[in-house]
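Structural overview for review
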Amino acid sequence: MSKKSNFFSSFATAVAELSGRPFTFVAALMLVLVWAVSGPYFDYSETWQLVINTTTTIITFLMVFVLQNSQNRDGKALQAKLDELILTSQAANKFVGIEKLDEGELREMSKKLAEKAESVEEKADEKSAT
C-alpha cells in the first residue's frame, strides 16, 4: 500500500472515530447554537445564512468520502474474517467470495438457503414431535 493511501486510511479512521463521539456532537450543536444566536447581530442577512449553509455542505461532502473509506475497510475486514471462518469450519467453501456475485446470483443463493433452512426446521419439528 502506498504512503498516500495508508495516510488517508489512517486519517479516515481517526476522523470516523472522532465524528462518532458524543463530544463531537455537542461541539457541532454548540456551533449551530452560536450561529443561531448571532442571527440578530447580523440582522439575519443572506451572508449569515450562507455561512451555515456553506459550512455544513462542505463538511458533509468531505465526510461522505472519509466515512465511506472507513466503511469499505470495515466491510472488507469483516468479509475476510467470515471467509476465514468458512474455510476453517465444516461449512461449504462455495460461500467464500459470494459478495462478488451479482444481484441475481445472490438472490438465487439466498432463496436456496431459505428453502434448505425450512427443510431443516421441518426435520427438527418432526424429531421434537416424536
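Residues numbered from 1 in each chain as written. Predicted model: local features only at pLDDT ≥ 70, side-chain atom pairs only at ≥ 80, totals over all residues. Heavy atoms only, no water.

Under the annotation held in an unreviewed UniProt entry, the protein chain carries the name Low affinity iron permease family protein and is attributed to Rhizobium lentis.

1. Some words on the overall build of the protein chain
Rules: We count a stretch as a helix when DSSP gives it H or I for four or more residues in a row; a strand needs E for two or more, and each element gets its number in order from the N terminus. The quantity called the radius of gyration is restricted to C-alpha atoms. Its globule counterpart is 2.2 Å times the number of residues to the power 0.38. Buried means the residue's accessible area, taken with a 1.4 Å probe over protein chains only, is under 20% of the maximum for its type, while exposed means over 50%, and partly exposed covers the values in between. Pairs of residues are marked as contacts when any of their non-hydrogen atoms sit within 4.5 Å. For the purpose of charge, His is not counted, nor are the chain termini; Lys and Arg are scored as positive and Asp and Glu as negative. A single reference atom marks each charge: NZ on Lys, CZ on Arg, CG on Asp, CD on Glu.
Helix and strand counts for the protein chain come out as 4 helices and 0 strands. Whereas a compact globule of 130 residues would reach a radius of gyration of roughly 14 Å, the protein chain reaches 25 Å, over 25% beyond that. The buried share of the protein chain, taken over its 130 residues, is 12%. Intrachain contacts of the protein chain at a sequence separation of at least 6 include 41% that bridge at least 24 residues. The average position of the 14 basic charges and that of the 17 acidic charges among the side chains of the protein chain differ by 9 Å.

2. A few points about helix α3 (residues 46–87)
Spelled out, the test is: To estimate how far a helix should reach, multiply one less than its number of residues by 1.5 Å.
Look at α3: 60 Å from first C-alpha to last across 42 residues, which is about the 62 Å you get at 1.5 Å a residue. Every buried residue belonging to α3 is among Trp-48, Ile-52, Val-66, Asn-69, Ser-70, Asp-83 and Ile-86, and all of these are buried. Looking at the buried residues of α3, the elements they touch are α1 (3–19) and α2 (22–37).

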